[in-house]
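# Fold and contact review
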Amino acid sequence: MMSNPLSILVVDDDRDNAASLGELFEFEGHRVHVVHSGREAIDAYVNNSYDIAFMDVMMPEKNGVESFLEIRKLKPSARIFMMTGYSVEELLQQAVRGGAMGVLEKPFEAAEVLRIAQSVGQGGLVVAAPVHDHQDIGMAIHSTLHGAGFSSKLVRDVGELSRPMDAEQVLVLDAHLPLIDAVSSYQDVHQSGHRAATFVVPRTGKRTNAGTPVFRDVGITGILNKPFDPLDLLTRLQQLAA
């Protein structure tokens, strides 16, 4: 049994999968609430608080991404991890609901930054791959855009996104957030009428030799790719909930 039991929400329309994951957590002494739809998950957060939640992406009516975005508006500090068989890029396409997306991978060249900024389209999202060294990639992107004549704003604090801003100004969001949380912040900007590209820089993280790559990277992306070993998840549970 765990010395520090957690309150956990499990959301999956596959009842067998949901029950199996819930039983695993309960066996370890955690308090578990299992629901089977996005709407039930939203209602659960209206009435309760959880230390951590695991939500499947593919659910009927209201999918996991849509539910995640609604829950984060209700409770911005909610710790929610998406469970999906999709690639990160496919999941992000769902998150931006058809908005154009580019992917900027390190090492990048100035010409590539400018090409993507021009090609993603109105209100487009560009994801800069996580960097595991000391490079300030947000500042590097901002400086590249500014040097090429773009009106660019570097955002380090998501609180800045609630302030009035130039709808045509390229944003570089480098606020040390997991990728899915950064996309949630981008969604608010996009819906407010922002028309220029937004570069999202996921938080960086130190790689270790312990565990599988999916569990090394989940803290950076907020996305738990299937299939994963539930026993590995137990070893990371307290860390993910912190």
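Before any of the text, the structure's been laid out above.
This text gives an overview of the structure that appears in the document. Because the structure is predicted, anything quoted here is derived from the model rather than measured.

### Comments concerning unusual backbone geometry
With an omega dihedral of -5°, the bond running from Lys226 to Pro227 counts as a cis peptide bond. Here Pro227 lies in the loop between β10 (223-225) and α9 (230-241). Here the phi dihedral of Glu61 falls at roughly 65°; this positive angle occurs in a residue that is not glycine. If you trace the backbone, Glu61 turns up in the loop between β3 (52-56) and α3 (64-74). You can call Glu61 exposed: its relative accessible area is 85%. For His176, which is not glycine, the phi dihedral falls at a positive 55°. Looking at where His176 falls in the secondary structure, it is placed in the loop between β8 (170-173) and α7 (179-191). In this structure His176 comes out as partly exposed when scored by relative accessible area, which is 46%.

### Focus on the sheet that holds strand β1 (residues 7-11)
In a beta sheet, neighbouring strands pair by backbone hydrogen bonds and run either parallel or antiparallel. The sheet built from five strands is open, its strands ordered β2-β1-β3-β4-β10 with parallel pairing. Taken across any chain shown, the strands that pair with only one partner, and hence form the sheet edges, are β2 (31-35) and β10. Ignoring which end each strand starts from, the neighbouring axes of this sheet average 20° apart. Strand direction decides the pairing type here: β3 and strand β4 (residues 80-84), joined by four bridges, are parallel.

### Some remarks on the pairing of strand β6 (residues 125-128)
Every second residue of β6 is oriented toward a common face, with Leu125 and Val127 on one face and Val126 and Ala128 on the other, all of them buried. In the sheet, strand β5 (residues 101-104) pairs with β6 via four bridges, with the strands oriented parallel. Bridged to Gly102 within β6 is Val126. For the crossover that starts at β5, traverses helix α5 (residues 110-119) and ends in the parallel β6, the hand is right-handed. Relative to strand β9 (residues 198-200), β6 runs parallel, the two being bridged by three bridges. When the sheet's bridge partners are listed, Val126 is paired in β9 with Phe199.

### What to know about the side chain of Ser152
Among the structural elements, Ser152 can be located in strand β7 (residues 152-155). Judged by relative accessible area, Ser152 falls into the buried class, the value being 11%. One polar contact links Ser152 to His142, side chain to side chain, over a distance of 2.8 Å. The residues touching Ser152, leaving out its near neighbours within four places in the chain, are His142, Leu145, His146, Gln169, Val170 and Val172.

About the thresholds
- Residues numbered from 1 in each chain as written.
- Predicted model: local features only at pLDDT ≥ 70, side-chain atom pairs only at ≥ 80, totals over all residues.
- Heavy atoms only, no water.
- Helix = DSSP H or I, 4+ residues; strand = E, 2+ residues; numbered from the N terminus.
- Buried < 20%, exposed > 50% of the residue type's maximum accessible area, 1.4 Å probe, protein only.
- Pairing = 2+ DSSP bridges.
- Axes fitted to C-alpha atoms, helices over the stretch in contact; angles between N-to-C directions.
- Right-handed = clockwise from strand over helix to strand, strands pointing away.
- Polar contact = N/O pair within 3.5 Å; in protein donor to acceptor, adjacent residues only side chain to side chain.
- Contact = heavy atoms within 4.5 Å.

Note that every value here comes from positions in space, so none of it alone points to a role or purpose.
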